[in-house]
Each structure stands twice: as structure tokens, then as C-alpha cells.
Amino acid sequence: MVIKDIKTGIIRIPLVTPFKTALRTVEHVEDLIVCVETDSGETGYGEAPATAVITGDTLGSVQTAIKDFITPAIRGMDIMDMDGIQRKLHSCILKNTSAKAAVDMALYDLYAKSLKTPLYKLLGGNAREIETDLTISVNDIPQMVSDSLEAVKKGFSILKIKVGKEGFQDVERIAAIREAVGKEVRIRVDANQGWNAKDAVRIISRMEDMGLDIDLVEQPVKAHDFEGMKYVTSRTFTRILADESVFSPEDAIRICAERAADMMNIKLMKTGGIYEALKICSIAEIYQVECMVGCMLESKIAVSAAAHLAAAKHIITAVDLDGPSLCKIDPYEGGPLYDGAKIVMNDTPGIGICRVPVTFS
């Protein structure tokens, strides 16, 4: 099964409600879809969002990286030479992690199809079902309480609350949500780099003193502020999750070795795909640092690739793969089943997506 060509197209899917964080507000998923074609007629699918505020990538930059650099580098290679292909993929252009991720997941899709097995089993796992949280966007407190209650009504028992815009008012947000949803619902807090280190300690300590029982706090400080992350982690009891601070295996080693965070969030768009994400899993296993698998504003293709990784690795103990739940429609056929908080893995080979309503060129 030899790589013949790589084609791309754009998909646009409206969100149920606007997605609001400390960094941006988005109303539609608008992602680049990748189709890797082989000489056998088999195809593999991948996806990349344009998340410039996090990865620096735009739809144009992703498309150009794939067309002008990645495709010429790996065209003609046998899909069974996965290590060789991945070395070419990651060395042909610097950074551009979203472009690499989209092609990487299409390659793994083909690799698993060639071996007639679901991807998560090929990666060494056997978890038939995983559970995701649901993101609650930053809004006024009554709206966030309403959104949280609606999520619980839909069967979500883990909520990820976006904060980071208004300092200590974030404590009021979390307190109101905790009172509304009760003690049984797990609450995660995502500051999206919105606080500085000292304020983060004060805010988290206040939530601890109030007994709000926060499961974890994600990326309280700026991505590059490793010392600030370590400061917060060492001065609070709540688990601290590094997200934007962890793009590469090298970042993961630093976080683990310096004990700068209690957990790490692996996102394929940051790592450049599954190949590098597996390295981070191995590092985490060595240091015994648990991981979350998360996503950007992605639709079912990219989220499903991440779900297969989550279902394969025991070091991944938290899942934030709610992208399809945030979309108004599911335009695809096949793949894992998204049933509220449950993600049930497919038995079909590869990632499982069998129909993509996109015009490729």
C-alpha cells in the first residue's frame, strides 16, 4: 500500500453555542480535512483546525505545509514503513504541528486498515468505552450555571469550566456552578493561561478554602512560564494540568523532571500527531505522571483519532474529547459512537470514518 497523493478540503460545521475561552470566541468549526490516497485505492482521513492563538497555524499555512512540503516528502512510501514515513513527515518542515497531525492520523488510519484492526487495538489498547467531560464556555454566571445544569441533564458527570478572564470573579463562577450541580459532579477548571502565578495560587487556594472540590486546574499561567507553573503546583493542593506548556516530548520531559505540573494534556494538534503523542505517553509512564487527552475545536475525524489513543493507553486517565458534542450536526459516517459523555470505540478497521462530505482537491 503505497502513498499516491494527499488531497485536502474544508469542512464548516456550526456549533450548538459559541465557544468562549480566555483566548477566543468561535461560532463554527472550520477545519481542513486531509485524504491520503494509496495505489491500492484505500484512503485514510485526517483533520486539522486553524488554532492560531495556540499552535500558530492557519488554514492557509496548514494547506501549504501539506501541499508543498509534506506530500513531496512522503509520496511513494509504503504505508507499512510507518517509522520511516514519520521521520520524513517530522523532518521535512519545522513546526506546523497541525498539518503534521492531520497527515499523521490519516497515515495511522491507513496503517490500521492495512492490518484490518481498529486503531486503538493496534496501539495496544482494549478499552471499548471511554468517558469525556464537557466544556462550559466563559459567560455571565447565570448563563454558565444554566449551561452546566443542561450538561448534567444530558448525562455529563464531568464538566470543564472555562475561566481566566476576570481573576477572583472566576471563584464566584465556580462556586455558583458547584452549588447548582451538587457534589457528585466533577468540576475541572481551565484558565487557558489567563492568570499569573501569584494570582493563580490565591484563586486556587480560595477555591480550596471554600470546599469547592475542584478535580484539577488546567494551564493557569502562560505557556512559556514553566517556573510559574512550578510555583503554582508546589503551593496548591489541587492537581495542576499542563496544556499549552506541553507541545513536544522535550516539553514533557521538562515538566516531569522539574515536577512543574501534576498532569499533562496531550493534544494531537500540539504534538504533530499520534507518533509523537506516543512518545509523551512513554515519558509520562516513566515519571508516573498521568495524562489527559484533549482536543481543539475539532470535528469527529480528529477527535476520533485522539479517542483511539485514549482508549489505548492506561497512563491517559482523563478525557476531554467533547468536540462532536459541541457541533450542531455530525456530517460523517462511521467511527466511534458519541453518546453524551460516552465514547464507544468502533470495531471497524482504522479510525472508522467511512464517509466524508468534502470536495477534495
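Look a little higher up for the structure.
Since we're looking at a predicted model, the values are computed, not measured. (Residues numbered from 1 in each chain as written. Predicted model: local features only at pLDDT ≥ 70, side-chain atom pairs only at ≥ 80, totals over all residues. Heavy atoms only, no water.)

**Digging into the side chain of Asp170**
Relative to the helices and strands, Asp170 resides in helix 6 (residues 169-181). Those residues in contact with Asp170 that sit more than four places away from it in its chain are Val163, Gly164, Lys165 and Trp195. (Helix = DSSP H or I, 4+ residues; strand = E, 2+ residues; numbered from the N terminus. Contact = heavy atoms within 4.5 Å.)

**Quick notes on the packing of aromatic side chains**
Taken as a whole, this structure holds 1 aromatic pair when the rule is applied. An angle of 25° between the planes, with centres 6.2 Å apart, marks the rings of Tyr45 and Phe360 as stacked. Of this pair, Tyr45 sits in strand 3 (residues 43-49) while Phe360 sits in the segment after strand 16 (353-355), and the two are 315 residues apart along the sequence. The class for Tyr45 is buried, based on a relative accessible area of 11%. Assessed through its relative accessible area of 23%, Phe360 is described here as partly exposed. Above the face of the Phe226 ring, Arg254 is positioned so that its terminal group lies 4.1 Å from the ring centre. (Phe/Tyr/Trp six-rings, centres within 6.5 Å; stacked < 30°, edge-to-face > 60°. Buried < 20%, exposed > 50% of the residue type's maximum accessible area, 1.4 Å probe, protein only. Lys NZ or Arg CZ within 6 Å of the ring centre and 35° of its normal.)

**Regarding helix 5 (residues 141-153)**
The terminal C-alpha atoms of helix 5, which comprises 13 residues, lie 18 Å apart, in line with the 18 Å expected from a rise of 1.5 Å per residue. Taken residue by residue, helix 5 has Met144, Val145, Ser148 and Ala151 as its buried positions. Angular distribution of buried residues about the axis of helix 5 spans 125°; they occupy a single face of the element. Residues of helix 5 that are exposed and point over 90 degrees away from its buried face: Pro142 and Lys153. Each element contacted by the buried residues of helix 5 is listed here: strand 5 (134-136), strand 6 (158-162) and helix 6. Just downstream of helix 5, Gly155 is the residue with a positive phi angle, here 105°. (Expected span 1.5 Å × (residues − 1). Arc of directions from axis to C-beta.)

**Side note on the side chain of Asp322**
Tracing the sequence through the fold places Asp322 in the loop between strand 12 (316-320) and helix 13 (323-326). The side chain of Asp322 sits in the buried core without any salt bridge; Lys160 is the nearest counter-charge, 6.7 Å away. Discounting residues that sit within four places of it in the chain, Asp322 has contacts with Thr132, Asp133, Leu134, Thr135 and Cys295. (Lys, Arg positive; Asp, Glu negative; His and termini not counted. Salt bridge = Lys/Arg side-chain N within 4 Å of Asp/Glu carboxyl O.)

**Considering the packing of helix 5 against helix 6**
Helices that pack against each other are described as a pair by the angle of their axes relative to one another and the distance between those axes. The interhelical angle for the contact between helix 5 and helix 6, taken along N-to-C directions, is 35°, at an axis separation of 9 Å. Crossing geometry of helix 5 relative to helix 6 is assigned as right-handed. Residues Ile141, Met144, Val145, Ser148, Leu149 and Val152 of helix 5 lie in contact with helix 6, whose contacting residues are Glu172, Arg173, Ala176, Ile177, Ala180 and Val181. Classifying every residue of the contact of helix 5 with helix 6 by side-chain character gives 9 nonpolar, 1 polar and 2 charged. (Axes fitted to C-alpha atoms, helices over the stretch in contact; angles between N-to-C directions. Left-handed = near helix turned anticlockwise from the far one by under 90°. Nonpolar A, V, L, I, M, F, W, Y, C, P; charged D, E, K, R; others polar.)

**What about the environment of His28?**
Mapped onto the secondary structure, His28 falls in strand 2 (residues 25-38). Under the relative-accessibility criterion, His28 is labelled partly exposed at 29%. Taking the C-alpha atoms as reference points, His28 and Pro18, separated by 10 residues in sequence, lie 7.8 Å from one another. Contacts of His28, omitting those with residues within four sequence positions, involve Arg12, Ile13, Pro14 and Leu15.

**Focus on the sheet that holds strand 1 (residues 3-20)**
On the basis of which strands lie adjacent, the open sheet formed by 3 strands has the order 1-2-3 and antiparallel pairing. Because the sheet does not close on itself, it has two edges, and the strands there are strand 1 and strand 3. Sheet twist, expressed as the average angle between the axes of neighbouring strands with direction ignored, equals 20°. Sheet analysis places strand 2 next to strand 3, joined by 7 bridges and oriented antiparallel. Bridge pairing in strand 3 places Val34 opposite Gly46. Of the strands in this sheet, strand 1, strand 2 and strand 3 touch helix 3 (residues 97-114), which is tilted by about 155° from strand 3. (Pairing = 2+ DSSP bridges.)

**Examining the pairing of strand 3**
Of all 7 residues making up strand 3, 7 are buried, and the element is well covered by its neighbours. The alternating pattern of strand 3 places Thr43, Tyr45, Glu47 and Pro49 and Gly44, Gly46 and Ala48 on opposite faces, both of which are buried. The antiparallel pairing of strand 2 with strand 3 creates a hairpin that spans 4 residues between the two strands, and Gly41 there sits at a positive phi of about 90°.

**Here's the deal with the sheet that holds strand 11 (residues 291-294)**
Read across the sheet, 8 strands follow the order 5-6-7-8-9-10-11-12 without closing on themselves; strand pairing throughout is parallel. The sheet terminates laterally at strand 5 and strand 12, the two strands that pair on one side only. Taking each pair of neighbouring strands and ignoring which way they run, the sheet shows an average axis angle of 25°. Judged from the 4 bridges that link them, strand 11 and strand 12 form a sheet pairing that is parallel. Note that in strand 12 the partner of Met292 across the bridge is Ala318. Where helix 6 meets the sheet, its contacts fall on strand 6, strand 7 (186-190) and strand 8 (214-218), and the angle it forms with strand 7 comes to roughly 160°.

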